[in-house]
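Structure at a glance
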Amino acid sequence: MTHDHSDLPLFAWRPPVCDVLTFPLARRVGKIRDVASKLVAKTTERAADYYFSQVSEALVVQLSKIGIPEHEQDEQIGAFWSAVNQEVARLSYRGTGSHDPRGAS
């Protein structure tokens, strides 16, 4: 005796399609501060450019590995470098010795 189970809800159930959500790169404060401090420490523009390339390539590999589409990778990496640039500016301002936002008047 065979049974047709196609009409039972349990056998018709399919798992929902899931999206991978990552923690946004621009919110990874520790990584941003680490990269910014290393960029500031580079003594030549060539060394800084090389480090920039290394970090960018590593981020692409990381995002590709977890299945993030290329257009979203570009947005994530652009936002990350924007945050790094803000941190570099903050570090540069802190290093000038003047903490008066009005300047040296």
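A few points on the structure. Note that the coordinates shown come from a computational prediction; the quantities given were computed from them, not determined experimentally.

A ring pair, where both rings are aromatic, is described by two values, the distance of the centres and the angle of the planes. Inspection of every chain in the model, using the stated rule, returns two aromatic pairs. Seen from their ring centres, Phe52 and Trp81 are 4.3 Å apart, and the 40° between their planes marks the pair as tilted. Pair noted here: Phe52 is in helix α3 (residues 45-65) and Trp81 is in helix α4 (residues 70-95), with a separation of 29 residues, a long-range link. In this structure Phe52 comes out as partly exposed when scored by relative accessible area, which is 38%.

A few words now on the pattern of salt bridges. If you walk through the whole model with that rule in mind, you get two salt bridges. The salt bridge partner of Glu87 is Arg90, with a shortest N-O separation of 2.6 Å. With Glu87 and Arg90 both in helix α4 and three residues apart, this pair spans about one turn of that helix. A residue is classified by how much of its surface remains accessible, and Glu87, at 11% relative accessible area, is buried.

Between helix α2 (residues 29-41) and α3, the least distance of the axes is 9 Å, while the angle of their chain directions is 155°. Considered as vectors, α2 and α3 are oriented roughly antiparallel to each other. The handedness of the crossing between α2 and α3 is right-handed. Seen from α2, the contacting residues are Val35, Lys38 and Leu39; seen from α3, they are Ala48, Tyr51 and Val55. The residue inventory of the contact of α2 with α3, partitioned by class, reads five nonpolar, no polar and one charged.

To continue, consider the nonpolar core. One finds Val35, Leu39, Val55, Phe80, Trp81 and Val84 to be the most contacted residues of the largest nonpolar core, which totals 17 residues. Elements that contribute at least two residues to this core include exactly α2, α3 and α4. Per-element tally for this core: the top contributor is α4, with six residues. Apart from the residues within four sequence positions on either side, Val84 is in contact with Ile32, Val35, Ala36 and Leu39.

Turning our attention to the environment of Gln76. In this fold, Gln76 is placed in helix α4. Separated by 16 residues in sequence, Gln76 and Val60 have C-alpha atoms that sit 9.6 Å apart. Side-chain polar atoms of Gln76 contact the backbone nitrogen of Leu25, separated by 3.0 Å.

Conventions used here
- Residues numbered from 1 in each chain as written.
- Predicted model: local features only at pLDDT ≥ 70, side-chain atom pairs only at ≥ 80, totals over all residues.
- Heavy atoms only, no water.
- Phe/Tyr/Trp six-rings, centres within 6.5 Å; stacked < 30°, edge-to-face > 60°.
- Helix = DSSP H or I, 4+ residues; strand = E, 2+ residues; numbered from the N terminus.
- Buried < 20%, exposed > 50% of the residue type's maximum accessible area, 1.4 Å probe, protein only.
- Salt bridge = Lys/Arg side-chain N within 4 Å of Asp/Glu carboxyl O.
- Axes fitted to C-alpha atoms, helices over the stretch in contact; angles between N-to-C directions.
- Parallel < 35°, antiparallel > 145°, perpendicular 65-115°, else oblique.
- Left-handed = near helix turned anticlockwise from the far one by under 90°.
- Contact = heavy atoms within 4.5 Å.
- Nonpolar A, V, L, I, M, F, W, Y, C, P; charged D, E, K, R; others polar.
- Core = buried A, V, L, I, M, F, W, Y, C linked by side-chain atoms within 4.5 Å.
- Polar contact = N/O pair within 3.5 Å; in protein donor to acceptor, adjacent residues only side chain to side chain.

Nothing here speaks to function; it is geometry throughout.
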